[in-house]
Amino acid sequence: MANVGLQTKHLLSMADLTPAEVCALVERARDIKRAPGSAKPMQGKTVALLFEKPSLRTRVSFEIGVANLGGNCIYLSPAEVGIGGREAVSDVAQVLSRYVNCIVYRCFAHATLVELAQYASVPVINALSEDEHPCQTLADLTTVLEQRGSLPGTTLAYVGDGNNVARSLGIGCASVGIHYRIASPDGYGLTADDQRAIEAIAAANGGSATFVRDPREAVDGANVVYTDVWASMGQEEEAAVRREVFMEYQVNPDLMAHAAPDAVFMHDLPAHYGEEVPHGFLDGPQSVVFDQAENRLHAQQALLEAIFG
Ligand code: CP
Ligand code: NVA
């Protein structure tokens, strides 16, 4: 397949990709998984992995993906850079742009990512911010495609916090004609602005978006049930309160019984056992979470190919 061309320079939000680009990237990721190519479009290219938070999947899958495409990575930990503290964001962006060909950035405030991209002359990829996790969504949609053979018409129920993962996933599902349902406790759902934006994208692309409080209502007859942690990185102090608030939102066999009989279970990981999922649930017959984790590699390789191909 010909390389996917992208209109956007940076990938900060799922909304930076057109629906056609999302579909093409996800199909390309599936094809790379089936038949990894030998092309090296990143020969001589270097990627800075600038991480303010820990990571297993994102860091390792980017390092491997870049290497597969012939490039190399430099990992920069929070302690090394001190972005916005030791050095201004704008200066970090301009200095890194003189050395590397792409910046993959995991941050706290989404505004810092936007500022970095504003001053960087090389592409910036969001590796998770407080607002969005688009690389995760590309892998998630690849997983749904792999499981179901096509995306439009699928019903995906997300149960839990209206966080970065839920927001990117909502935009991504809406872009490809998936019916996205999300159940969150009062005060922890996606914002009214998010809801309007996702509804508008869904309406234009044959999907739909439903925002409810009751997990069973969201999961009823769904093809995919998805959850994420109740307290994200940076919300550790809220964890105890959130455990109380989200108690009814655990995805377990009782809740899965309301989904379609052949429904699959997804989680971006890491999981907090005993909270959003019971112990052992990720190893159960409906779980595709490790395929989903693997697909981070293929989806990001499709993305890097689109940028460097
Ligand atoms: N899902 C995900 O982004 O995992 P890491 O935090 O380990 O990168
Ligand atoms: N919502 C989680 C996702 C982790 C990959 C977090 O931000 O910590």
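For the structure itself, consult the block above.
Notes on the structure in this doc start here. (Residues numbered from 1 in each chain as written. Chains lettered and ligands numbered in written order. Predicted model: local features only at pLDDT ≥ 70, side-chain atom pairs only at ≥ 80, totals over all residues. Heavy atoms only, no water.)

A separate point is the nonpolar core. Formed by 56 residues in total, the largest nonpolar core has its most connected members in V104, L156, Y158 and Y180. Dropping the residues within four chain positions of it, Y158 is found in contact with N163, V165, A166, L169, Y180, R181, I182, A183, Y226, T227 and D228. In this structure, A157, A218, Y249 and V251 belong to the second largest nonpolar core, which totals 25 residues. (Core = buried A, V, L, I, M, F, W, Y, C linked by side-chain atoms within 4.5 Å. Buried < 20%, exposed > 50% of the residue type's maximum accessible area, 1.4 Å probe, protein only. Contact = heavy atoms within 4.5 Å.)

Quick look at the sheet that holds strand 4 (residues 124-126) now. Across the sheet, which stays open at both edges, the four strands sit in the order 2-1-3-4 with parallel pairing between neighbours. The open sheet has two free edges, formed respectively by strand 2 (72-76) and strand 4, since each of these has just one partner strand. Taking the axes of each pair of neighbouring strands and ignoring which way they run, one obtains an average angle of 20° across the sheet. Relative to strand 2, strand 1 (residues 46-51) is paired through five bridges, and the arrangement is parallel. Across the sheet, the residue bridging to T46 is N72, located in strand 2. (Pairing = 2+ DSSP bridges. Helix = DSSP H or I, 4+ residues; strand = E, 2+ residues; numbered from the N terminus. Axes fitted to C-alpha atoms, helices over the stretch in contact; angles between N-to-C directions.)

The next subject is the site of ligand 2. Lining the immediate surroundings of ligand 2 are L128, N163, N164, V165, D228, V229, S232, M233, D268 and L269. Contacts to ligand 2 include N163, whose side-chain N or O atom sits 3.4 Å from a nitrogen atom. Relative to its unbound accessible surface of 270 Å², ligand 2 loses 95% to contact with the protein. When atom positions are compared with the pocket grids, ligand 2 is found to occupy the largest pocket. The class makeup of the residues in the shell around ligand 2 is five nonpolar, three polar and two charged. (Near = heavy atom within 4 Å. Polar contact = N/O pair within 3.5 Å; in protein donor to acceptor, adjacent residues only side chain to side chain. Areas by Shrake-Rupley, 256 points an atom, 1.4 Å probe, with all protein chains shown as cover. 1 Å grid on protein atoms, 1.4 Å probe; cavity = no way out; pocket = protein on both sides within 12 Å on 5 of 7 lines; lining within 4 Å. Sits in = over half its atoms within 2 Å of the grid points. Nonpolar A, V, L, I, M, F, W, Y, C, P; charged D, E, K, R; others polar.)

The strand order across the open sheet formed by five strands is 7-6-5-8-9, and the pairing between neighbours is parallel. Edge positions in the open sheet fall to strand 7 (208-212) and strand 9 (264-267), since each of these has one partner strand only. Taking each pair of neighbouring strands and ignoring which way they run, the sheet shows an average axis angle of 20°. Two strands pair when backbone bridges link them, and strand 5 (residues 155-159) and strand 6 (residues 179-183) are joined in this way by five bridges, in the parallel orientation. Paired with V159 across the strands is A183, a residue of strand 6.

Another aspect to go through is the packing of aromatic side chains. A full pass over the atoms with the stated rule returns six aromatic pairs. Ring centres 5.8 Å apart and planes at 15° place the aromatic pair W230 and F246 in the stacked group. With W230 in the loop between strand 8 (224-227) and helix 10 (239-245) and F246 in the loop between helix 10 and helix 11 (253-256), this pair connects stretches of sequence that are 16 residues apart. F246 matches W230 in its accessibility class, with the two residues each being buried. Here the aromatic rings of F246 and Y249 are separated by 6.0 Å at their centres, their planes lie at 75°, and the arrangement is edge-to-face. Across this residue pair, the class does not change: F246 and Y249 are buried. Three or more aromatic residues link up through ring pairs in this structure, and these residues are Y188, W230, F246 and Y249. Between K53 and the ring centre of F108, over which it is positioned, the NZ or CZ distance is 4.5 Å. (Phe/Tyr/Trp six-rings, centres within 6.5 Å; stacked < 30°, edge-to-face > 60°. Lys NZ or Arg CZ within 6 Å of the ring centre and 35° of its normal.)

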